[in-house]
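# Survey of secondary and tertiary structure
Below are the chains, spelled out letter by letter.
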Amino acid sequence: MEFKDLVRKVKRYNKGSDIDLLERSYKFTKDFVEDKKRASGKPAIEHYLEVAYECADLKLDDSSLAAALMHGLIIKGANTKEIKNLFGNEILGILENIHKMGKIKKNIISLM
């Protein structure tokens, strides 16, 4: 899958989508994960694209899709001030909440 596939899907339900925002979040993630691979051996960036692609099935707004493209970066050490400066409070807030949900999941699993 490539970024253009995501754009095509988003444009089908949101012709006025902020593609620049999506492209900036994609490039931010791509630069952050560079040549990293998943346990499966697939490039990490493919995972982020796949998550955003699935979120587009839900017809999410641009901020949510941008966050989907960057989900998990905070736990991996991304600079929250940089994210805020580049993408604003709304997207940073979504990413911080995703991070919190991951912590909750870990706590629940440890209680089992």
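Here we summarise the structure given alongside this text. Here the structure is a predicted model, which is why all the values come from computation and not from measurement.

## Overview of the overall build of the protein chain
- Each helix and strand in the protein chain was counted, giving 5 helices and 0 strands.
- Along the protein chain, helices (α) and strands (β) appear in the sequence α-α-α-α-α when read from the amino end.
- Structurally, the protein chain occupies a C-alpha span of about 45 × 35 × 25 Å along its principal axes.
- For the protein chain, the proportion of its 112 residues judged to be buried stands at 34%.
- Pairs at least 24 apart in sequence give 59% of the contacts found in the protein chain among residues at least 6 apart.
- Of the charged side chains in the protein chain, 21 are positive and 17 negative; the average position of the first set lies 4 Å away from that of the second.

## Focus: the packing of aromatic side chains
- With the rule as written, the count across this model stands at 2 aromatic pairs.
- Taken together, a centroid distance of 5.6 Å and an interplanar angle of 80° make the contact between Phe-28 and Phe-87 edge-to-face. Here the residue Phe-28 occupies a position in helix α2 (residues 19-33), and Phe-87 occupies one in helix α5 (residues 80-111), the gap between them amounting to 59 residues. Like Phe-87, Phe-28 is buried.
- Across the ring face of Tyr-53, the terminal group of Lys-9 is positioned such that the distance to the ring centre comes to 3.5 Å.

## Some thoughts on the side chain of Thr-29
- Along the chain, Thr-29 falls in helix α2.
- Overall, the relative accessible area of 0% leaves Thr-29 in the buried class.
- Beyond its immediate stretch of four places on either side in the chain, Thr-29 contacts Ile-45, Tyr-48, Leu-69, Met-70 and Leu-73.

## Regarding the environment of Ile-74
- Note that Ile-74 resides in the loop between α4 (62-70) and α5.
- As for Ile-74 and Tyr-48, which are separated by 26 residues in sequence, their C-alpha atoms are 14 Å apart.
- In this structure, Ile-74 is in contact with Thr-80, Ile-83, Leu-92, Leu-95, Glu-96 and His-99, ignoring residues within four places of it in sequence.

## Side note on helix α1 (residues 3-13)
- By the burial criterion, the buried members of α1 are Phe-3, Leu-6, Val-7, Lys-9 and Val-10. For α1, the arc enclosing every buried residue in end-on projection is 165°, short of the 170-degree limit, so these residues lie on one face.

## With respect to the pattern of salt bridges
- Within the structure shown, the criterion is met by 6 salt bridges.
- Salt-bridge contacts for Glu-50 lead to Lys-42; the nearest nitrogen and oxygen are separated by 2.7 Å.
- Among the residues examined, Glu-50 registers a relative accessible area of 31% and is labelled partly exposed.

The rules behind these values
Each residue is numbered by its place in its chain's sequence as written, counting from 1. For a predicted model such as this one, the threshold for reporting local features is a pLDDT of at least 70, and the threshold for listing and counting side-chain atom pairs is 80 or more; totals across whole chains, interfaces and linings nevertheless cover every residue. Side-chain calculation: all heavy atoms of the structure are included, whereas hydrogens and water are not. For helices the rule is a DSSP run of H or I covering at least 4 residues; for strands it is a run of E covering at least 2, with both sets numbered from the N terminus onward. Relative accessible area decides the class of each residue, using a 1.4 Å probe on protein chains only: under 20% of the type maximum gives buried, over 50% gives exposed, and in between gives partly exposed. A contact between two residues is defined here by any heavy atoms of the two lying within 4.5 Å. Positive charges come from Lys and Arg alone, negative charges from Asp and Glu alone, with His and the N- and C-terminal ends not counted. To locate a charge, the coordinates of NZ of Lys, CZ of Arg, CG of Asp or CD of Glu are taken. Only the six-membered ring of Trp is used, alongside the rings of Phe and Tyr, when aromatic pairs are assigned; centres must lie within 6.5 Å, and planes under 30 degrees apart are stacked while those over 60 apart are edge-to-face, with the rest tilted. Lysine NZ or arginine CZ positioned within 6 Å of the ring centre and within 35 degrees of the ring normal marks a charge as sitting over the ring. Comment: arc refers to directions from the helix axis out to C-beta atoms. Each reported salt bridge corresponds to a side-chain nitrogen of Lys or Arg within 4 Å of a carboxyl oxygen of Asp or Glu.

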